[in-house]
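So you can see what is in the structure, the chains are spelled out below.
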Amino acid sequence: MSFLKKQWNRFSLALILLLTGFLSIWGIWDEGYGNEFYAACVKSMIQSWHNFFFVSFDPGGFVTVDKPPVSLWFQALFAKVLGFSGWSIILPEALAAVGSVALLYIIVKRHFGKAAGLISALALALSPIFIAVSKTNNMDSILIFFMVLATWAMMHAADKGKLRYLILSVVILGVAYNTKTLQAFLILPALYAGYFFATNIKWKKRFWHLAVATVVLAAVSLSWSIIVDLTPASQRPYVDNSTNNSELELAFGYNGIQRLTGQSVGGGMRAGGNFNMPSGNTDANGQGFDWQDQNGQAANTRQNSTTSNSTSLNSDSNTSDSRDSSRQMGQSRELPEGFEMNGGARGNMTFGGNNGGGMNNGGGMFNTGSKGVFRMFSESLGGQDSWLLPFALFTILALALKMRKKTGEDKDTRRKLLLNAIIWGGSVITICVWFSVAGFFHQYYLATIAPFIAALVGIGVVEMWKMYKKDGLTSFMLPLSLAVTAAVQIAMLTYYPTWAAVLIPIVAVAAGIPTVILFAAKLMHKKLSAKTAGICVAVVIAGLLVTPAIWSYTPIMYGSNASMPVAGPTSGSGMGGGMGGNMPTGFTGQNRANANDGKSTDTSESNSTDSSSSSKDDSARSTDRSRSSFGFGSGSNANSPLINFLIKNNTGEKFLVAVPDASTAESIILATGKPVMAIGGFSGSDNILTVSSLSEMVKKGEIKYYMVGGNRGNSSDEVTAWVKEHGKAVSSSLWSGTASTDTTSTSDANSGFGIMGNSSQTLYDLSSYK
């Protein structure tokens, strides 16, 4: 017992790390291949060092993924050592989350003590979107680890005034940049300001140090991109989602400024663009649309389907299990609010625009809400990681008040308070401002704010507790911050009526009653004993952590949407669950059903079943966690007949087949490990191939089969026309698993191509071209 008393902080930290590990790791073996776009890339990377360095999406080195390499390098290394599987590529992301919690404890404890460090670590461990994203093979968990590590180094740099620690910090931040480009720099202004204003060296030296650090930061951050761009295009894959085959352009364009302006959703498709529905092409009752973009280009998105009952996918899951939502994606015949069909037979389908890439229903194209001051507390974003944000903001104010000379704090203590207020508080404010005005991002990007909010929570509890024990107006900061945070949580819980009925009373009682006691004691000028007051504060903090804890557990309850992870009651339905409106027929949100070993499972039958029946089988849902990818393909539903046909008829060609986009290619790559050409990249709109380059590849025997069609269209009409002229259409009965003698296939089982649903496809044999 005496050992536990002496080592209580280490024992507590161990429990918090075990909790983080459980929430992050448990169930990753049930997540299939996670985000199959990145999984296919990892499978390609472990086949050659060339693919590894350039993060080639396909084993043939035709096109990259649209992200920098660091996170994928870690995933590839794990896959190489442990064997390629779904869990082995998710594991490094989950372990990075555990590492971030441990690091945060170390950083906060250094200036504010063990209790503050433990509270911060616990707050991060129970940050919903932080946990949700750590259970996927997206880049964010490793990104966050390096951002926290860079913060640790910057704290040391400011405390010691040593250039070497400053250089270490920016080198680590440069690695973070090469994990997810400019998102890593959201904390850069705060880190620089912390060093500039809160170190004890001369001002001139501060300028000089930061100038040197900036050069090093630029060199490390841009090194990989410059190497790629300087490599001849013929010796490397095409840079996906770039307009000129440049990693630098990708970083500052699609992954940079376009995230703020919301102008692009990848490749050539604009979030603020219009999709026109020509007259005579049926309506929302089922026979499919030939969508066109704002330039009149056909999007090849005809869909033929039968009518079924519409399914509302609101963010609050009032059904017995919100996993139903993802299983019902694609059955709705109604357009969601904000999908404006503007008059007449030829309407305009508007994505976002000035509303922040939104659907004009406050949900945003990716359910991110409308731009504005309170966006972080909106129904779309609030539940992801804003439960403790009010308390964090109060902490910034409390630190500012404690920095005053009349508080009696010594100079070095005030410097440390300033340093932490700038770095933690400045990072939170910068990230909040960015996501309040950004036009194109996903909900899970908010995970980057989690460690900075968590740090302020731990610091705030300890520092405002000290203020509470003194007299004066500042002693009201603690109960006031607790009361406001509880009120905001209750307000946000009203977005989820089913959960609110249970959680609002819990929060009101657990957080409300002790807070009233703390207020009353101050108002009546009666001092509570330290033990009584401490118990009150502990109960309030526990009450405020109840909802984040439940939201953090929901990915285990419902399964994860690996492409666009979210936390809370909508996590089981992923993208669709929080739409706040019914998805149109074209947005099939093809189910990505997963098996324990990451192998494909055919879910086409469940898609045709009436929505009411899917809510009755809880046991099936527990083993088949269907996940929507917002129509970005259904890689888990690999077309076995197509794959068998391609392998059987491959006569030594480098590529099995050329297909319209990555979502079509990824399932074939994962199933076979063979090169597949995604001719339009991720979005299906990259202009990678030309007629001359394709004809040359055909002559060299590098490609034999070419798939035309698919909902994202093809990268070049000229290439498509050439294929149709010189190729021979293959009967779909040979490769689609159907008995039809037609050369065109429209079956859902073939693939989950595209952003507007399934469409007709034709496989062409080019071997006769000489």
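Residues numbered from 1 in each chain as written. Predicted model: local features only at pLDDT ≥ 70, side-chain atom pairs only at ≥ 80, totals over all residues. Heavy atoms only, no water.

> Could you clarify how one ought to interpret the nonpolar core in this entry?
Side chains that are nonpolar tend, in soluble globular proteins, to be buried together. Counting 126 residues, the largest nonpolar core has Leu173 and Trp424 as its most contacted members. Among the elements that line this core, the one with the most residues is helix 18 (residues 450-468), at 14 residues. For Leu173, the residues in contact, after removing those within four places along its chain, are Ala150, Ala184, Phe185, Ile187, Leu188, Leu191 and Leu217. Ala662, Leu689, Met697 and Trp722 belong to the second-largest nonpolar core, a separate cluster that totals 70 residues. (Core = buried A, V, L, I, M, F, W, Y, C linked by side-chain atoms within 4.5 Å. Buried < 20%, exposed > 50% of the residue type's maximum accessible area, 1.4 Å probe, protein only. Helix = DSSP H or I, 4+ residues; strand = E, 2+ residues; numbered from the N terminus. Contact = heavy atoms within 4.5 Å.)

> Whenever I open this one, helix 12 (residues 203-230) confuses me. Can you help?
Helical periodicity: at 3.6 residues per turn, an α-helix aligns residues three or four positions apart in one direction. Compared with the 40 Å implied by 1.5 Å per residue over 28 residues, the 39 Å span of helix 12 between its first and last C-alpha is a close match. Bending of helix 12 peaks at approximately 50° at the position of Ser223. Taken as a whole, helix 12 has its buried residues at Arg206, His209, Leu210, Ala213, Leu217, Ser221, Trp224, Ser225 and Val228. Structurally, helix 12 contributes buried residues whose contacts are with helix 4 (49-54), helix 5 (70-82), helix 10 (163-180), helix 11 (188-197) and helix 13 (247-261). (Expected span 1.5 Å × (residues − 1). Bend = angle between axes of the 7 residues up to and from the residue.)

> Looking at this structure, how should I read a positive patch on the surface?
A contiguous patch of positive charge, built from Lys160, Lys162, Arg164, Lys202 and Lys205, is present on the exposed surface. Position of Lys202 relative to the elements: it lies in the loop between helix 11 and helix 12. By relative accessible area, which is 69% here, Lys202 ends up exposed. (Patch = residues over 30% accessible without salt bridge, like charges linked within 9 Å, V, L, I, M, F, W, Y side chains within 5 Å. Areas by Shrake-Rupley, 256 points an atom, 1.4 Å probe, with all protein chains shown as cover. Salt bridge = Lys/Arg side-chain N within 4 Å of Asp/Glu carboxyl O. Lys, Arg positive; Asp, Glu negative; His and termini not counted. Charge placed at Lys NZ, Arg CZ, Asp CG, Glu CD.)

> It is not clear to me how the pairing of strand 8 (residues 761-765) should be interpreted in this structure. Could you clarify?
Each regular strand shows side chains that alternate between the opposite faces of the sheet. With five of five residues buried, strand 8 lies mostly within the body of the structure. Because side chains alternate across strand 8, one face comprises the buried residues Gln761, Leu763 and Asp765, and the other comprises Thr762 and Tyr764, equally buried. Note: strand 5 (residues 705-709) against strand 8, five bridges, orientation antiparallel. By the bridge assignment, Val708 is partnered in strand 8 with Thr762. Summarising the sheet, strand 6 (residues 728-730) and strand 8 pair through three bridges and their orientation is antiparallel. Residue pairing for strand 8: Lys728 is matched across the bridge by Asp765. (Pairing = 2+ DSSP bridges.)

> I would appreciate a short explanation of the environment of Gly684 in the present structure.
Mapped onto the elements of the fold, Gly684 is located in the loop between strand 4 (677-678) and helix 28 (691-699). Accessibility expressed as a relative area gives 1% for Gly684, which makes it buried. For the pair Gly684 and Thr664, spaced 20 residues apart in sequence, the C-alpha to C-alpha distance is 9.6 Å.

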